[in-house]
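Spelled out from the first residue to the last, the chains are:
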Amino acid sequence: MNRTTSQPSEELIGYKLMLAFEGLTPPPRVLDWIAARRVGGFSLFRSPNYDNPAQLRDLTAALQAAARAAEQAPLLIATDQEGGQLAAMGDGMTQFAGNMALGATRDPELARRVGRAIGLELAALGVNVNYGPVLDLNTNPRNPSLGIRAFGDDPGLAAALGAALVEGLQSAGVAGTLKHFPGKGEAAVDSHYKMPVIAHNRKRLDAVEFPPFKAGIDAGAKLLMTGHFAIPALTGTSAYPATVARQVMTDFARHEMGFDGVIITDALDMGAITQGAGQIIDVIAAVRAGVDLMLIMLDEDTQERLYGGLALAYSRELIDDSHIRPSVERILALKAWAAAQPQPSLDVVGCAEHRGLEADLARRSITLVRDDAGLLPLRLAPDARIAAVMPTPRDLTPADTSSTIRPHLAAALRTHHPRVDEFVTSHLPDDSEIAALQERLAGYDLLILGTINASMQPEQAALVNELLALDRPTVTVALRTPYDLASYPTARTHLCTYSIQPASLVALAAALFGDFNPTGQLPVAAGLVEGQKI
């Protein structure tokens with residue numbers, strides 16, 4: 001056994017913690033922690049930690065230098081760079097359209113290339129773990145926290161694309177994380193606020209929810225992220241989440257599915273997990289269940305409480321060497337793998353090759369659902385007036401960075417036609433806003449109406465239905481989840497982009513004006529309109 005793991009188990013407990021902090025440079029408290037205690041690593045996020053690629057690379061270098069000075073193992077440094085609606089690293093990075101856009105292409109090789117590009121850019125910043133890909137299936141269109149984060153609702157498609165994305169990430173030296181194990185696509189509530197219950201029987205789970213995770217494991221994914229949801233088919237109860245269940249984390253993940261890497265919790269500040277002083281009970285249960293890393297967010301009191309609580313639990317023999325040492329060995333093996341990977345130059349971040357791949361994904365994902373009105377490709381007189389309407393982007397879940405994206409629909413259309421006016425509505429327009437907009441748009445020659453989750457935002461659906469009543473030539477576009485057409489079924493020309501990233505809206509405009517024929521395919525059974533699947 002090496003010097004690190006020959007230490008007393010109590011001194012190794014810090015390796016089981018993934019911490020977070022606020023700051024563009026390591027604050028003194030973080031440096032003091034690294035100097036005095038072991039630590040698994042740190043999760044970095046856009047608003048508290050990221051300003052630009054060079055700054056982030058300096059930040060990660062400073063953290064690793066502190067670990068070396070303390071003679072402890074290199075740090076795991078992680079982030080959520082899923083693409084699409086969740087991009088923890090911001091300006092300067094290549095922002096890919098995300099999983100559901102990949103699902104619309106049905107191309108594992110493209111997923112592999114996108115995964116490698118994301119991995120190379122993260123590695124250049126000093127990030128060695130990506131919390132992705134999401135392998136939950138979007139089988140419930142009303143799932144409040146999933147949507148376009150999923151590849152779709154088909155287990156075979158998600159398995160192929162997820163495995164390919166993992167291979168791409170890890171070929172670039174960044175560990176992939178399969179989440180949210182063992183699959184929460186059917187959740188009807190958001191686990192950030194309340195514990196969902198996945199009530200399907202084992203036969204259904206084996207056929208639908210589990211295959212993508214098995215494919216990701218077989219592809220060699222280094223980490224598995226637990227889901228904070230109850231799954232009675234594996235545990236026999238709906239009283240507690242999979243995260244704290246040994247039947248899920250050890251019996252199922254390790255013994256049945258064959259996963260031998262690092263298991264990490266989802267964030268422990270979520271409502272599905274006990275909060276406050278009682279949280280240590282769930283954390284002890286997770287350790288005893290076989291979870292390796294605890295993902296702890298920004299609150300400093302929580303970090304200290306959980307560290308001290310685990311140390312006390314060890315001293316009281318609530319956890320013992322069998323819970324600590326095998327876990328730390330897995331963590332140290334992951335750290336060693338990550339430390340052995342080469343770090344690319346910052347030149348790879350946002351490079352021309354990756355921007356080209358970003359555009360390729362955006363184009364290949366554009367899906368023409370219907371053109372019963374025969375509007376496409378658009379052929380407009382130079383003096384024709386187009387109204388481009390979309391809601392103000394906002395974060396619809398805590399796992400969302402959409403609010404950082406400026407509306408780009410009108411700007412994209414103007415590259416093809418000179419007379420495009422932009423109308424950015426409230427995300428949830430009220431009756432007076434709808435009436436005023438209806439009056440203003442009555443004289444336009446063409447309306448292009450983008451929606452963001454209108455299927456779950458009835459105010460947006462009401463706006464579109466009122467504008468469709470103007471009986472003007474109209475194109476509707478689902479800019480996020482593809483279910484929106486069911487909320488305005490009289491729309492006769494409709495497309496899906498699965499993303500509001502600028503590249504996706506540039507691709508949409510090009511498709512509308514006939515630069516290419518959209519080839520994307522719906523990756524979900526998108527609901528029913530007049531008895532027909534759309």
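From a predicted model like this one, the values you see are computed outputs, not experimental measurements.

## Description of the nonpolar core
Of all hydrophobic cores here, the largest spans 129 residues; its most connected members are Ile34, Phe42, Leu63, Met89, Phe181, Met294 and Leu310. Looking at this core, the element that brings in the most residues is helix α6 (residues 108–125), giving 10 residues. Dropping the residues within four chain positions of it, Met294 is found in contact with Lys16, Leu17, Met18, Thr265, Leu268, Val283, Ala286 and Val287. Listed in part, the 30 residues of the second largest apolar core include Leu378, Ala388, Leu413 and Ile452.

## Details of unusual backbone geometry
Across the junction of Gly132 and Pro133, the peptide omega takes the value 15 degrees, indicating a cis bond. Mapped onto the elements of the fold, Pro133 is located in the loop between β6 (129–130) and α7 (155–171). Each neighbour pair has its own omega, and for Lys179 with His180 the value is 5 degrees, a cis peptide bond. Counting through the fold element by element, His180 comes out in strand β7 (residues 175–181). Phi is positive for Tyr498, which is not a glycine, with a value near 65 degrees. Inspection of the secondary structure assignment puts Tyr498 in the loop between β16 (493–496) and α19 (502–512). Judged by relative accessible area, Tyr498 falls into the buried class, the value being 0%.

## Remarks on helix α13 (residues 300–315)
In this model α13 runs 23 Å from its N-terminal to its C-terminal C-alpha over 16 residues, within 8% of the 22 Å that 1.5 Å per residue would give. Among all positions of α13, only Thr302, Gln303, Leu306, Tyr307, Gly309, Leu310, Ala311 and Ala313 are buried. For α13, the capping residue at the N-terminal end is Asp299, with a side-chain oxygen 3.4 Å from the backbone nitrogen of Asp301. A positive phi of about 65 degrees marks Glu317, the residue just after α13.

## Some remarks on the sheet that holds β16
Read across the sheet, 6 strands follow the order β11-β16-β15-β14-β12-β13 without closing on themselves; strand pairing throughout is mixed. Edge strands, defined here as strands with exactly one partner in the open sheet, are β11 (367–371) and β13 (420–425). Each strand axis lies, on average, 15 degrees off the axis of its neighbour in the sheet, ignoring direction. Where β11 meets β16, 4 bridges bridge the pair, whose relative direction is antiparallel.

## Focus on the pattern of salt bridges
One pass over the full model with this rule turns up 21 salt bridges. The salt bridge partner of Arg37 is Glu304, with a shortest N-O separation of 3.1 Å. Of this pair, Arg37 sits in the loop between α2 (28–36) and β2 (41–43) while Glu304 sits in helix α13, and the two are 267 residues apart along the sequence. Taking the relative accessible area as the measure of exposure, Arg37 reaches 21% and is therefore partly exposed. We classify Glu304 as partly exposed; its relative accessible area is 33%. In this structure, the salt-bridge partner of Glu256 is Arg202, at a minimum N-O distance of 2.2 Å. Of this pair, Glu256 sits in helix α11 (residues 246–256) while Arg202 is found in helix α8 (residues 202–207), placing the two residues 54 residues apart along the sequence. Given the relative accessible area of 46%, Glu256 is considered partly exposed. Under the relative-accessibility criterion, Arg202 is labelled partly exposed at 27%.

## A few points about the confidence of the model for the protein chain
Considering every residue of the protein chain, the mean pLDDT works out to 94; 97% of them sit at 70 or more. Below a pLDDT of 50 lies the segment residues 528–534, which in the model reaches 18 contacts outside its immediate sequence neighbourhood of four places, other chains included.

## Digging into the environment of Gly220
Mapped onto the fold, Gly220 is located in the loop between α9 (211–218) and β8 (223–226). Along the primary structure Gly220 and Phe259 are separated by 39 residues, whereas in three dimensions their C-alpha atoms are 8.8 Å apart.

## Digging into the side chain of Thr235
With respect to the helices and strands, Thr235 occurs in helix α10 (residues 232–235). Filtering out sequence-adjacent residues up to four positions away, Thr235 remains in contact with Tyr240, Ala245, Gln247 and Val248.

## Focus on the packing of aromatic side chains
Considering all chains together, one arrives at 6 aromatic pairs under this definition. An angle of 80 degrees between the planes, with centres 5.4 Å apart, marks the rings of Phe181 and Phe213 as edge-to-face. Linking Phe181 in strand β7 with Phe213 in helix α9, this pair joins segments that are 32 residues apart in sequence. Assessed through its relative accessible area of 1%, Phe181 is described here as buried. Among the residues examined, Phe213 registers a relative accessible area of 0% and is labelled buried. With a centroid separation of 4.6 Å and 45 degrees between ring planes, the pair formed by Phe210 and Phe252 is classed as tilted. With Phe210 in the loop between α8 and α9 and Phe252 in helix α11, this pair connects stretches of sequence that are 42 residues apart. Each of the two residues, Phe210 as well as Phe252, counts as buried. Every member of this aromatic cluster is reached through a ring pair, and the members are Phe181, Phe210, Phe213 and Phe252. In this arrangement the basic side chain of Arg37 is found over the ring face of Tyr307, its NZ or CZ atom lying 4.3 Å from the centre.

## Brief notes about the environment of Tyr50
Positionally, Tyr50 belongs in the loop between α3 (46–49) and α4 (53–69). Owing to a relative accessible area of 7%, Tyr50 belongs among the buried residues under this scheme. If near-sequence neighbours (up to four positions away) are discounted, Tyr50 is found in contact with Leu24, Phe45, Gln55, Leu56, Ala88, Met89, Gly90, Asp91, Met93 and Leu125.

## Some points on the side chain of Gln81
One can find Gln81 in strand β4 (residues 81–83). At 3.1 Å, the side chain of Gln81 and the backbone nitrogen of Ala88 are in polar contact. Here Gln95 takes part through its side chain, which lies 3.4 Å from a polar atom of the side chain of Gln81. Those residues in contact with Gln81 that sit more than four places away from it in its chain are Leu86, Ala87, Ala88, Met89, Met93, Thr94, Gln95, Ile118, Leu122 and Asn130.

Quick notes on the rules
Residues numbered from 1 in each chain as written. Predicted model: local features only at pLDDT ≥ 70, side-chain atom pairs only at ≥ 80, totals over all residues. Heavy atoms only, no water. Core = buried A, V, L, I, M, F, W, Y, C linked by side-chain atoms within 4.5 Å. Buried < 20%, exposed > 50% of the residue type's maximum accessible area, 1.4 Å probe, protein only. Helix = DSSP H or I, 4+ residues; strand = E, 2+ residues; numbered from the N terminus. Contact = heavy atoms within 4.5 Å. Expected span 1.5 Å × (residues − 1). Polar contact = N/O pair within 3.5 Å; in protein donor to acceptor, adjacent residues only side chain to side chain. Pairing = 2+ DSSP bridges. Axes fitted to C-alpha atoms, helices over the stretch in contact; angles between N-to-C directions. Salt bridge = Lys/Arg side-chain N within 4 Å of Asp/Glu carboxyl O. pLDDT = per-residue confidence, 0-100. Phe/Tyr/Trp six-rings, centres within 6.5 Å; stacked < 30°, edge-to-face > 60°. Lys NZ or Arg CZ within 6 Å of the ring centre and 35° of its normal.

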